[in-house]
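# Summary of structural features
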Amino acid sequence: MLVLATFLSTHATLRAEQELTGEVPVELIPVPRQIRSDCGFALLASPLDPSGAGRAVEILKGHGATGLWRVIELDSPTSRHKEKHYEPIP
Amino acid sequence: MSPFRRVLDARGLACPQPVILTRKALAEGGFSELEVIVNTSSGRENVARFAGHAGCTIGSMEESGEETRIVIQPPVTSGSDPTSTKSLTDATMPLVEPGIQTVFLSSRTIGRGDDELGALLMRAFLYTLTESETPPQRVLLMNSGVTLAAEGSVHLENLRRLVDLGVEILACGACLEFYKLTDQLAVGRVSNMQEITEFLLQGNVLSL
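Residues numbered from 1 in each chain as written. Chains lettered and ligands numbered in written order. Predicted model: local features only at pLDDT ≥ 70, side-chain atom pairs only at ≥ 80, totals over all residues. Heavy atoms only, no water.

### Quick look at the overall build of chain A
Helix and strand content of chain A: two helices and five strands. Along chain A, helices (α) and strands (β) appear in the sequence β-α-β-β-α-β-β when read from the amino end. Within chain A, the proportion of its 90 residues that are buried is 48%. Contacts in chain A between residues far apart in sequence, at least 24 positions, make up 55% of those at least 6 positions apart. As displayed, chain A has an accessible area near 5,000 Å², and 54% of this comes from carbon and sulfur atoms. (Helix = DSSP H or I, 4+ residues; strand = E, 2+ residues; numbered from the N terminus. Buried < 20%, exposed > 50% of the residue type's maximum accessible area, 1.4 Å probe, protein only. Contact = heavy atoms within 4.5 Å. Areas by Shrake-Rupley, 256 points an atom, 1.4 Å probe, with all protein chains shown as cover.)

Now the structure itself:
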C-alpha cells in the first residue's frame, strides 16, 4: 500500500522528507504525469501494512502535504512495470 | 494454428540490428516460433531481453561455438483467430525502438547551479529510469558520478532496481580511488578508461 504526497514547493518537499525520517519510509520521486503535468517532486510513502496507511496520511498532512493520493498498482498487459492509478484522498 | 518456425539470421550484425530485426519479425507475425541466430554475446542478451519485454517466451537457447540459436514464442492468444496473434504482438511491442544504450553520469548532480537541486534531479532521474520501458544497457559513472554508487548514497536503491532490470553499472576506478571510495562501491563494478571510452564511442550515449 503506497501513498503519494505532494507539497507546495520543492523546498517544502525536501523539508518534509528530512522530517519524516524514522516516521514513515518515503521515497522522493517526480510528480507522476497522471496527477500534474508540470515538473515537480513528490514523496511516495510505503507504510509497512495497509492499516498503517491512515496513520501515514495523518503524518504526511502534519508535515505540510497539500495533495494526497492512494496508489493502486495493477499488473499491466503491455508492460513489465505495474500500472499505477492515483485515487485522491480527501 | 499449425506450428511454423521462421528463422532470422542475425549473425555478423552489429548491435542493435539483431534486436531491431527481431522486433520487426515479431510485428509481422505469421509464425508460431521465431528462431534468431546470433553470434555475439550482446546480441544474445539483447534479443533475449527484448523478447522477454515483449511478452514472449524463450523456448530454448542453444549455444554451439560462437553461435546461439534463440527460439522465441510470441504471446499466445486464447481465441483461434489467426489474425489475433498479430494484433496482440503489436500491442506488446514497446513504442520506442531501443535507443539509448549508455547513460554517462559524470557528476553526482544533474546540471550546474544549486547542488541540492542538482542532487534532487539526479534522484528523480534515476527513479524515472527504473520505470522506463526501454532502460539503457549500462550506466557509466565518472568523476563525482561514482559517489552515486558508493556506500551510504541515497541512490543505491534506484541503482539496484536498475541492476535487477539488467542494467550494468560501471564506475571509473581512478575516480573511486581519488574520492577514497575504492572499497566502498556498493552497486556495480569497477571499470577503467579503456572500457568506458569504448562504450562511449559505440554511440547511443546519453550524457548528463
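What follows picks up the thread again.
### So, the interface of chain B and chain A
A common measure of how large an interface is: the accessible area buried when the components associate. Chain B puts 20 residues into the contact, and the matching count from chain A is 16 residues. Interface area lost by chain B to chain A is led by L120(B), R123(B) and Y127(B), which between them contribute 36%. The interface formed by chain B and chain A includes three salt bridges. The interface formed by chain B and chain A holds seven residue pairs in polar contact (both at pLDDT 80 or more) in total. Mapped onto the side of chain B that touches chain A, the elements with two or more residues apiece are α3 (82-92), α4 (115-130) and α5 (156-164) of chain B. The greatest single-element share of the side of chain B that touches chain A, amounting to nine residues, is contributed by α4(B). Its residues assigned to classes, the side of chain B that touches chain A comprises eight nonpolar, seven polar and five charged. (Buried area = accessible area lost by both parts, 1.4 Å probe. Salt bridge = Lys/Arg side-chain N within 4 Å of Asp/Glu carboxyl O. Polar contact = N/O pair within 3.5 Å; in protein donor to acceptor, adjacent residues only side chain to side chain. Nonpolar A, V, L, I, M, F, W, Y, C, P; charged D, E, K, R; others polar.)

### Observations concerning the sheet that holds strand β2 (residues 26-30) of chain A
Spatially, β2-β3-β1-β4-β5 (chain A) is the arrangement adopted by the five strands of the open sheet, whose pairing is antiparallel. Each edge of the open sheet is held by one strand with a lone partner, namely β2 and β5 (83-88) of chain A. Going from strand to strand, the sheet's axes swing by 30 degrees on average, the running direction of each strand aside. Each of β2, β3 (41-45) and β5 of chain A is contacted by α4(B), which is oriented at about 90 degrees to β2(A), the strand it contacts most. (Pairing = 2+ DSSP bridges. Axes fitted to C-alpha atoms, helices over the stretch in contact; angles between N-to-C directions.)

### A look at the layout of surface pockets
By volume, the second largest pocket amounts to about 580 Å³. Partitioning the lining of the second largest pocket into residue classes produces nine nonpolar, four polar and nine charged. (1 Å grid on protein atoms, 1.4 Å probe; cavity = no way out; pocket = protein on both sides within 12 Å on 5 of 7 lines; lining within 4 Å. Points joined across faces, edges and corners; volume = space filled by probe spheres on them.)

### Focus: the state of the cysteines
Residue and element names in this part refer to chain B. With the rule as written, the count across this model stands at one disulfide over all chains. What pairs with C172 in a disulfide is C175, and their sulfur atoms sit 2.3 Å apart. With the S-S dihedral at roughly 80 degrees, the linkage between C172 and C175 falls on the right-handed side. On the accessibility criterion, C172 (7% relative accessible area) is buried. (Disulfide = S-S within 2.5 Å.)

### Some details on helix α2 (residues 41-53) of chain B
Residue and element names in this part refer to chain B. In this model, α2 (13 residues) spans 18 Å end to end at C-alpha, consistent with the 18 Å of a helix rising 1.5 Å per residue. Listed in full, the buried residues belonging to α2 are G43, R44, N46, V47, A48, F50 and A51. Here the buried face of α2 lies against α1 (17-28), β2 (33-38), β3 (57-64) and β4 (67-73). The N-capping residue of α2, defined by a side-chain oxygen 3.0 Å from the backbone nitrogen of G43, is T40. (Expected span 1.5 Å × (residues − 1).)

### Side note on unusual backbone geometry
All names here are of chain B. For K180, which is not glycine, the phi torsion reads 60 degrees and is therefore positive. With respect to the secondary-structure elements, K180 resides in the loop between α6 (173-178) and β8 (189-191). Residues other than glycine seldom take positive phi values, yet N204 does so here, at roughly 50 degrees. Take N204: it is sitting in the loop between α7 (193-201) and β9 (205-207).

### Focus on the pattern of salt bridges
Residue and element names in this part refer to chain B. Evaluation of the coordinates by the stated rule reveals 18 salt bridges over all chains. As a salt-bridge pair, E33 and R5 come within 3.0 Å of each other at their nearest N and O atoms. In this pair, E33 is assigned in strand β2 and R5 in strand β1 (residues 5-9), connecting sequence segments 28 residues apart. The partner of R161 in a salt bridge is E157, and the shortest N-O contact between them spans 2.9 Å.

### Observations concerning the packing of helix α1 (residues 10-20) of chain A against α4(B)
Following both chains from N to C, one finds α1(A) and α4(B) inclined at 75 degrees, their axes separated by 12 Å at the closest point. Overall, the two elements α1(A) and α4(B) adopt an arrangement that is roughly perpendicular. For the pair α1(A) and α4(B), contact is made by T10(A), L14(A), E17(A) and Q18(A) and by E116(B), L120(B) and R123(B), respectively. The class makeup of the residues in the contact of α1(A) with α4(B) is two nonpolar, two polar and three charged. (Parallel < 35°, antiparallel > 145°, perpendicular 65-115°, else oblique.)

### Brief notes about the environment of T182(B)
Residues and elements named next belong to chain B. Position of T182 relative to the elements: it lies in the loop between α6 and β8. Placed 32 residues apart in sequence, T182 and A150 show a C-alpha to C-alpha distance of 8.9 Å. Dropping the residues within four chain positions of it, T182 is found in contact with L176 and E177.

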